[in-house]
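Descriptive structure summary
So the chains spell out like this:
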Amino acid sequence: TVGGGAQANAAETAPTAAGAWTATGTGSVERKANASSTAASMTTGADVSAGNNRDSDDNAADFVARPTRQPQNRLATPEP
């Protein structure tokens, strides 16, 4: 579950769907760039550098399960 609040346990809606990232430990969840983003477009496609702006107040619709991790920090290339 992706959640927020004092203890990060207050999910907006239904939990984000589990994917390969939960079984193998090699992936992650990432906030979508837009409503049509997919795991493929966020990993290697058109949305790879499009930011993470999607927030419809529905976590199940706002996140994708990525097959591989791509950690980002303040030194990463800025995204819109």
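Residues numbered from 1 in each chain as written. Predicted model: local features only at pLDDT ≥ 70, side-chain atom pairs only at ≥ 80, totals over all residues. Heavy atoms only, no water.

A few points about the confidence of the model for the protein
- Averaged over all residues, the pLDDT of the protein equals 77, while 69% of them reach at least 70.
- Within the protein, the lowest mean pLDDT, 59, falls on helix 1 (residues 20-24), and the highest, 90, falls on helix 2 (residues 39-43). (pLDDT = per-residue confidence, 0-100. Helix = DSSP H or I, 4+ residues; strand = E, 2+ residues; numbered from the N terminus.)

A short note on the environment of Ala-33
- Of note, Ala-33 is situated in the loop between strand 1 (28-31) and helix 2.
- Classification of Ala-33 by relative accessible area gives buried; the value is 9%.
- Look past the residues within four positions of Ala-33 in its chain and what remains in contact with it is Met-42, Asp-47, Ala-50, Gly-51, Asn-52, Asn-53 and Arg-54. (Buried < 20%, exposed > 50% of the residue type's maximum accessible area, 1.4 Å probe, protein only. Contact = heavy atoms within 4.5 Å.)

Quick notes on the environment of Gly-27
- Tracing the backbone through its elements, the reader meets Gly-27 in the loop between helix 1 and strand 1.
- For the pair Gly-27 and Arg-69, spaced 42 residues apart in sequence, the C-alpha to C-alpha distance is 4.8 Å.

Side note on the pattern of salt bridges
- Scanning the model with the defined rule gives three salt bridges in all.
- Of the charged contacts, one joins Arg-31 and Asp-55 as a salt bridge, the two residues approaching to 3.8 Å between their closest N and O atoms. Of this pair, Arg-31 sits in strand 1 while Asp-55 sits in the loop between helix 2 and helix 3 (59-62); the two residues are 24 residues apart in sequence, bridging distant segments of the chain.
- A salt bridge links Arg-54 to Asp-62; the nearest nitrogen and oxygen atoms lie 3.4 Å apart.
- In this structure Asp-62 comes out as buried when scored by relative accessible area, which is 0%. (Salt bridge = Lys/Arg side-chain N within 4 Å of Asp/Glu carboxyl O.)

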